[in-house]
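Tertiary structure, described
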Amino acid sequence: MKYCSTRGGSAGVSAAQAVAQGICGDGGLFVPESFPHFSAREIDAMESLNYRDLAARIMEPFLSDFSEREIGACTGGAYTEKKFPGGPAPLAFAGGVHFLELWHGPTCAFKDMALQILPRLLALSVQKIQAGKGAVVLTATSGDTGKAALEGFRDVKGTRVVVFYPKNGVSALQERQMRTQEGNNVFVYAVLGNFDDAQTGVKRIFADGEIRKKAAEHGWMLSSANSINWGRLLPQITYYFSAWLRLLSAGEVKPGGAVDFCVPTGNFGDILAAYYAKKMGLPIGRLICASNSNDVLTEFLTTGIYNRNRRFYATISPSMDILVSSNLERLLYDLSGGDGDRVRKWMDELARTGRYRVGGGMLQKIQRLFDAGSCGDSETKDEIRETWERDHYLLDPHTAVAARVLRRYREKTGSQTPCVVVSTASPYKFAPDVLEAVTGGKRRPDGVFQCIRELSDLTGIPVPEPVAALEGKPVRFSHSCLPAEMGKAVLRSAGWTGA
Ligand SMILES: *Cc1c(COP(=O)(O)O)cnc(C)c1O
């Protein structure tokens, strides 16, 4: 299996090269040149596999330069009972909806599903292409990726990880998680800007020949843990298969029967993995893309106009506060039949004017697959409170956005197709807002740990161990920098300044 760029500039690289490098030299994203397709019978036969073996089965065709043993070691090491107590991707059922809970890992958000395995894939990839080299993993985060990357890469030999988060753009608990990170190869910076500034800053560092050269001189290459990295997206395909197979086992869906997925979306990585699963033969019906007030994707998927020139809202679902959804580029590439020139023109226009428009044919293709909707903060809080009161099921704000968008979709269409809402974070990661929501605005004490305790007392739902353990941990990182200083921060962290 070979990989090429969404902008046509590089072709025929191995999976190891794509994962190690993270982003293409022409600014595009790596995509596989073809996709494996599983027949209905092959999919049914996956029913008996446990999560690790399922992950290996899904990933193998994409990693043809990895041995079966290597892949098995990666999935076996990532999805352990210790890291995911009770299993990595359980389904819950509440109010007529299935919730795919992807937050039972070490950082309590769905990013763990990919970031527990990416470091293993990446370390192997680097050794395959340039034995003896190390990788500096640059990561921009809207809150959850940063912590999951730090936790996944901590003390992994031959890697260093540098995380940039927007200073006032993450929840108090997310910030605390990152600032208390342990490990000898980790660095954390608050960027004085929003997520898009941080993400653009990281892309700029990749494009900076000087930094690349300095890194090479010291025996390092630059890589990324963001969902621009193929090694992030690939493991996410697995849980869509897992969810569907569980519904099959439970008799909730007939063999070959369609299931809709509603996904709370930011950088378009999670929902793109669902699209790829469908392309690979999984019987997925509609893909419903849910946004918060930063509804740039809702507009795009309904009008074909992508316009980032709009107000940026800091919401209670901060991991979706994104105006430039990087992975949309991969969808456009796929739906345009692999037309890198067309994709490059759209992305150039986006960079130049902040806006582009796709033609009617493309929009039609998109709308055959996707629905979209958005939901503001007050409606999100209503959804959390109503779901708690009605079903005694506690939603985090990101999941609540999706639950509300799905509710409206079902009302509009009358659809009775079984639907899975992808549940992306533990409600305890956002305890102050969730507590305020379930108490109808009555309770929001000072201090995030006070909110956590009160939420647990009120609901009887235990606090996940990694969240509870944070209270006693010392802060190790308190540096901040301007977006323009991010390159310097990398040089300093790596010790390449010569000073
Ligand atoms: C990252 C994240 C999202 C958005 O996922 P994308 O792959 O960026 O679309 C949604 N919810 C939570 C809790 C997240 O951490």
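A few words now on the site of the ligand. If you check the shell around the ligand, you find 15 residues, and the closest are Lys111, Asp144, Gly266, Asn267 and Thr424. One of the backbone N or O atoms of Asn267 is found 2.7 Å from an oxygen atom in the ligand. Here an oxygen atom of the ligand and a backbone polar atom of Gly269 are 3.3 Å apart. Summarising the interface, the protein chains cover 98% of the accessible area of the ligand, which totals 380 Å² for the free molecule. Its residues placed into classes, the shell around the ligand shows five nonpolar, seven polar and three charged.

Tyr240, Phe241, Phe261, Leu332, Tyr356 and Phe370 are the most contacted members of the largest nonpolar core, which totals 110 residues. Ranked by residues supplied to this core, first place goes to helix α11 (residues 230-249) with twelve residues. Not counting the four nearest positions on each side in its chain, Phe370 is found in contact with Phe268, Ile271, Tyr275, Arg286, Leu287, Leu301 and Leu331. Val97, Cys262, Leu394 and Ala425 belong to the second-largest nonpolar core, a separate cluster that totals 41 residues.

With respect to the helices and strands, the residue Asn185 is situated in the loop between α8 (172-179) and β7 (186-191). Take Asn185: its relative accessible area is 7%, and that puts it in the buried class. Only 3.0 Å separates the side chain of Asn185 from the backbone oxygen of Phe153, close enough to count as a polar contact. In this structure the side chain of Asn185 is engaged in a polar contact, spanning 2.8 Å, whose partner is the backbone nitrogen of Asp155.

This paragraph deals with the pattern of salt bridges. Summed over the entire model, instances satisfying the criterion amount to 28 salt bridges. A salt bridge links Glu436 to Lys381; the nearest nitrogen and oxygen atoms lie 2.9 Å apart. A residue pair is termed long-range when its members are at least 10 positions apart, and Glu436 in helix α19 (residues 431-438) and Lys381 in helix α17 (residues 377-391) qualify at 55 residues. The buried category is assigned to Glu436, whose relative accessible area is 18%. On the basis of relative accessibility, which here comes to 21%, the residue Lys381 falls in the partly exposed class. Through salt bridges with shared partners, a single ionic network connects Glu379, Glu383, Glu386, Arg404, Arg407 and Arg408.

A separate point is the sheet that holds strand β6 (residues 159-166). The strands making up a sheet associate through backbone hydrogen bonding, with each pair oriented either parallel or antiparallel. One open sheet accounts for five strands, arranged β8-β5-β6-β7-β15; its pairing is parallel. Each edge of the sheet is formed by a strand with only one pairing partner; in this case those strands are β8 (220-224) and β15 (479-481). The average undirected angle you get between the axes of adjacent strands in this sheet is 30°. Relative to β7, β6 runs parallel, the two being bridged by six bridges. Directly across from Phe164, in β7, lies its bridge partner Tyr189. Lying over the sheet, helix α7 (residues 144-153) contacts β5 (134-140), β6 and β7, oriented at roughly 165° with respect to β6.

With that settled, consider the packing of aromatic side chains. Within this structure, the stated rule accounts for 19 aromatic pairs. The interplanar angle of 75° and the centroid separation of 5.8 Å between the aromatic rings of Phe35 and Phe62 together place this pair among those described as edge-to-face. Remark: Phe62 occurs in the loop between α3 (51-59) and α4 (68-78) and Phe35 occurs in the loop between β2 (30-32) and α2 (40-44); sequence separation between them is 27 residues. For Phe62, a relative accessible area of 0% puts it in the buried group. Taken together, a centroid distance of 5.1 Å and an interplanar angle of 45° make the contact between Tyr239 and Tyr240 tilted. Classification of Tyr240 as buried rests on a relative accessible area of 0%. It is Lys128 that lies over the ring of Phe66; its NZ or CZ is 4.8 Å from the centre.

Counting buried positions over the five residues of strand β14 (residues 419-423) gives five, a clear majority of the element. Covered by surrounding structure in β14 are Cys419, Val421 and Ser423 together with Val420 and Val422, the residues of both alternating faces. The sheet contact formed by strand β9 (residues 259-264) and β14 spans three bridges and is parallel. By the bridge assignment for β14, Cys262 is matched with Val421.

Its side-chain oxygen 2.9 Å from the backbone nitrogen of Glu210, Asp208 forms the N-cap of helix α10 (residues 209-217). Gly219 lies just past α10 and shows a positive phi near 85°.

With that out of the way, let us pick up the sheet that holds strand β3 (residues 91-94). Spatially, the six strands line up as an open sheet ordered β3-β4-β14-β9-β10-β13, and their pairing is mixed. Two strands close off the open sheet at either side, each with one partner strand: β3 and β13 (370-374). On average, adjacent strands in this sheet sit at an angle of 25° to one another, irrespective of strand direction. Where strand β10 (residues 284-291) lies against β13, five bridges are found, and the strand directions are parallel.

Definitions and limits used
- Residues numbered from 1 in each chain as written.
- Predicted model: local features only at pLDDT ≥ 70, side-chain atom pairs only at ≥ 80, totals over all residues.
- Heavy atoms only, no water.
- Near = heavy atom within 4 Å.
- Polar contact = N/O pair within 3.5 Å; in protein donor to acceptor, adjacent residues only side chain to side chain.
- Areas by Shrake-Rupley, 256 points an atom, 1.4 Å probe, with all protein chains shown as cover.
- Nonpolar A, V, L, I, M, F, W, Y, C, P; charged D, E, K, R; others polar.
- Core = buried A, V, L, I, M, F, W, Y, C linked by side-chain atoms within 4.5 Å.
- Buried < 20%, exposed > 50% of the residue type's maximum accessible area, 1.4 Å probe, protein only.
- Helix = DSSP H or I, 4+ residues; strand = E, 2+ residues; numbered from the N terminus.
- Contact = heavy atoms within 4.5 Å.
- Salt bridge = Lys/Arg side-chain N within 4 Å of Asp/Glu carboxyl O.
- Pairing = 2+ DSSP bridges.
- Axes fitted to C-alpha atoms, helices over the stretch in contact; angles between N-to-C directions.
- Phe/Tyr/Trp six-rings, centres within 6.5 Å; stacked < 30°, edge-to-face > 60°.
- Lys NZ or Arg CZ within 6 Å of the ring centre and 35° of its normal.

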